[in-house]
Amino acid sequence: MAVLICGGAGYVGSHNVRAFKEHGEDVIVVDSLETGHRASVPEDVKFYQEDIRNGEALDKIFAENQVEAVVHFCAYSLVGESMELPLKYFDNNVGGMISLLEAMHRHNVKRIIFSSTAATYGEPKRVPILETDPTEPTNPYGESKRIMEKMMKWVSSQHDIRYVSLRYFNVAGAWRDGTIGEDHKVETHLIPLILQVPLGKREHITIYGDDYPTNDGTCIRDYIHVEDLARAHLLALNYLRDGGESNIFNLGSGDGYSVMEMITAAREVTGHPIPAVIGTRRAGDPAKLVADSTKAGKILRWKPEITKMQDIIASAWKWHKSHPKGYED
Ligand code: UFG
């Protein structure tokens, strides 16, 4: 029986493909390649270039393969773009989920692991954030993911499909051998942008505000290594296989690092001075986002292993240094 990885050519998806293969799982990938990269998926993995909103294409995939479970990463994920083009996000993210759940129901596939986000919480009332805390997304991206979670909940009770939704905090790093990593057409994330300075692609990193109510005035985030994240998906699949009920888990390290601390760590790792310039705040950035992942520890027995910030940045650096043009190299 195979595991269908939807969006397996994206950043988080491609690392999951590696991890699942490494654990002896039979994986199949479907990806539209609109934002994903064919080169990030090993040649020996069965690959379908399709948009999951196409129900007929999904029918073909489910008919040609014995699919036991789905791991779902297909989504647009740019917060800023989602504010400008909300319907693009609802169409792709929510529309994709409708099509996928319908196809799963048609083909009697009963398990799904879903890639969710801390953005479902919006501006937190307290940190660390618990799964039971209010979800009030502050942008259409986070809203679309929350709607997708709710859809799984209603469909699961009606159609006997069980799901695990994993709410990631700030995903970072790359596969240990540096052969796959983060490559977005439009890069908005802190670590790849910092590393563009030692790569000679930008003169400095801009810090989006140093007047937040934190120790050094810059925003605090909870960074989680992409390999630790992939391990959580495997544990979630085995949890469902063992009969676990539908559930939602936060995935973070529980430790917060400020933007300033991240830049300092990147200077240590790269040996480059990485000049930093203080800019204005980016709209919608909460001061502090840190996960309480106790539940994932207790129920999934998940514990992040790569937690030192220098190690996370070093792993990203290994990929970026060897692929300055991303998958074009
Ligand atoms: N930042 C800078 N300068 C930059 C880029 C980012 O100072 O050039 C700061 C941001 O203001 C923020 C921190 O670095 O304080 C991290 O920013 P990222 O864009 O790397 O990540 P976010 O915390 O904004 O976003 C992450 C995920 C999103 C998810 C969100 C949930 O990448 O998918 O968490 O809040 F929606």
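Residues numbered from 1 in each chain as written. Predicted model: local features only at pLDDT ≥ 70, side-chain atom pairs only at ≥ 80, totals over all residues. Heavy atoms only, no water.

Q: Sorry if this is basic, but what is going on with the overall build of the protein here?
A: When helices and strands are counted, the protein shows 10 helices and 13 strands. The C-alpha radius of gyration of the protein comes to 19 Å, within 12% of the 20 Å expected for a compact globule of 329 residues. Projected onto its principal axes, the C-alpha positions of the protein cover 55 × 45 × 40 Å. Every one of the 329 residues in the protein was classed for burial, and the buried ones make up 55%. (Helix = DSSP H or I, 4+ residues; strand = E, 2+ residues; numbered from the N terminus. Rg over C-alpha atoms; globule rule 2.2 N^0.38 Å. Buried < 20%, exposed > 50% of the residue type's maximum accessible area, 1.4 Å probe, protein only.)

Q: So what exactly am I meant to see when it comes to helix H2 (residues 55-64) here?
A: One turn of the α-helix equals 3.6 residues, which is why residues spaced by three or four share an orientation. Along H2, the positions that sit buried rather than exposed are Ala57, Leu58, Ile61 and Phe62. Down the axis, H2 shows its buried residues gathered within 130° of arc, on one side only. Seen from the buried face of H2, the exposed residues on the opposite side, beyond 90 degrees, are Glu56 and Ala63. On its buried side, H2 packs onto strand S1 (2-6), strand S2 (26-30), strand S3 (46-48), strand S4 (67-72) and helix H4 (86-106). The N-cap residue of H2 is Asn54: its side-chain oxygen and the backbone nitrogen of Glu56 are 3.1 Å apart. (Arc of directions from axis to C-beta. Contact = heavy atoms within 4.5 Å. Polar contact = N/O pair within 3.5 Å; in protein donor to acceptor, adjacent residues only side chain to side chain.)

Q: In this structure, what is going on with helix H10 (residues 309-322)? I would like to understand it.
A: The terminal C-alpha atoms of H10, which comprises 14 residues, lie 20 Å apart, in line with the 20 Å expected from a rise of 1.5 Å per residue. When we look at burial in H10, the residues that qualify are Met309, Ile312, Ile313, Ser315, Ala316, Trp317, Trp319 and His320. On its buried side, H10 packs onto strand S7 (170-172), helix H6 (190-195), strand S10 (223-225), strand S12 (257-258) and helix H8 (259-270). (Expected span 1.5 Å × (residues − 1).)

Q: I keep staring at the environment of Ile207 and nothing clicks. Help me out?
A: If you trace the backbone, Ile207 turns up in strand S8 (residues 205-208). Spatially, the C-alpha atom of Ile207 lies 9.4 Å from that of Ile263, the residues being 56 residues apart in sequence. If near-sequence neighbours (up to four positions away) are discounted, Ile207 is found in contact with Thr218, Val259, Met260, Ile263, Ala276, Val277, Ile278 and Gly279.

Q: What exactly am I supposed to notice about the pairing of S4 here?
A: Residues in a regular strand project their side chains so that they alternate between the two faces of the sheet. Of all the 6 residues making up S4, 6 are buried; the element is thus mostly covered by neighbouring parts of the structure. Pairing between S1 and S4: 5 bridges, direction parallel. Residue pairing for S4: Ala2 is matched across the bridge by Val67. Pairing between S4 and strand S5 (residues 111-117): 3 bridges, direction parallel. Bridged to Val71 within S5 is Ile113. (Pairing = 2+ DSSP bridges.)

Q: Would you take a moment to explain the confidence of the model for the protein for this structure?
A: Reading fine detail from the predicted coordinates is not recommended where pLDDT is low. The pLDDT averaged across the protein works out to 97; a share of 100% of its residues lies at or above 70. When pLDDT is averaged over each helix and strand of the protein, the minimum, 94, is found for helix H3 (residues 79-84) and the maximum, 99, for S1. (pLDDT = per-residue confidence, 0-100.)

Q: Any chance you could explain the site of the ligand here in plain terms?
A: Taken together, 20 residues sit near the ligand, with Leu190, Thr206, Arg221, Arg282 and Asp285 positioned nearest. Taking Asp285, its side chain carries an N or O atom lying 2.6 Å from an oxygen atom of the ligand. Isolated, the ligand exposes 690 Å² of accessible area, and the fraction of that covered by the protein chains is 90%. If you list the elements that add at least two residues to the shell around the ligand, you get H6 and S8. Of the residues belonging to the shell around the ligand, the class tally is 12 nonpolar, 5 polar and 3 charged. (Near = heavy atom within 4 Å. Areas by Shrake-Rupley, 256 points an atom, 1.4 Å probe, with all protein chains shown as cover. Nonpolar A, V, L, I, M, F, W, Y, C, P; charged D, E, K, R; others polar.)

Q: How should the pattern of salt bridges be read in this particular structure?
A: Should their charged atoms come close, side chains of opposite charge can pair. Counted by the stated rule, this structure contains 20 salt bridges. Put simply, Lys60 and Glu64 hold a salt bridge, and the shortest N to O gap is 2.9 Å. Residue Lys60 and its partner Glu64 are both found in helix H2; the two are separated by 4 residues, about one turn of the helix. For Glu81, the salt bridge goes to Lys88, with nearest N and O atoms at 3.1 Å. Here Glu81 falls in the partly exposed class, since its relative accessible area comes to 23%. Because the salt bridges share partners, they merge into one network encompassing Glu25, Glu68, Arg111 and Arg241. (Salt bridge = Lys/Arg side-chain N within 4 Å of Asp/Glu carboxyl O.)

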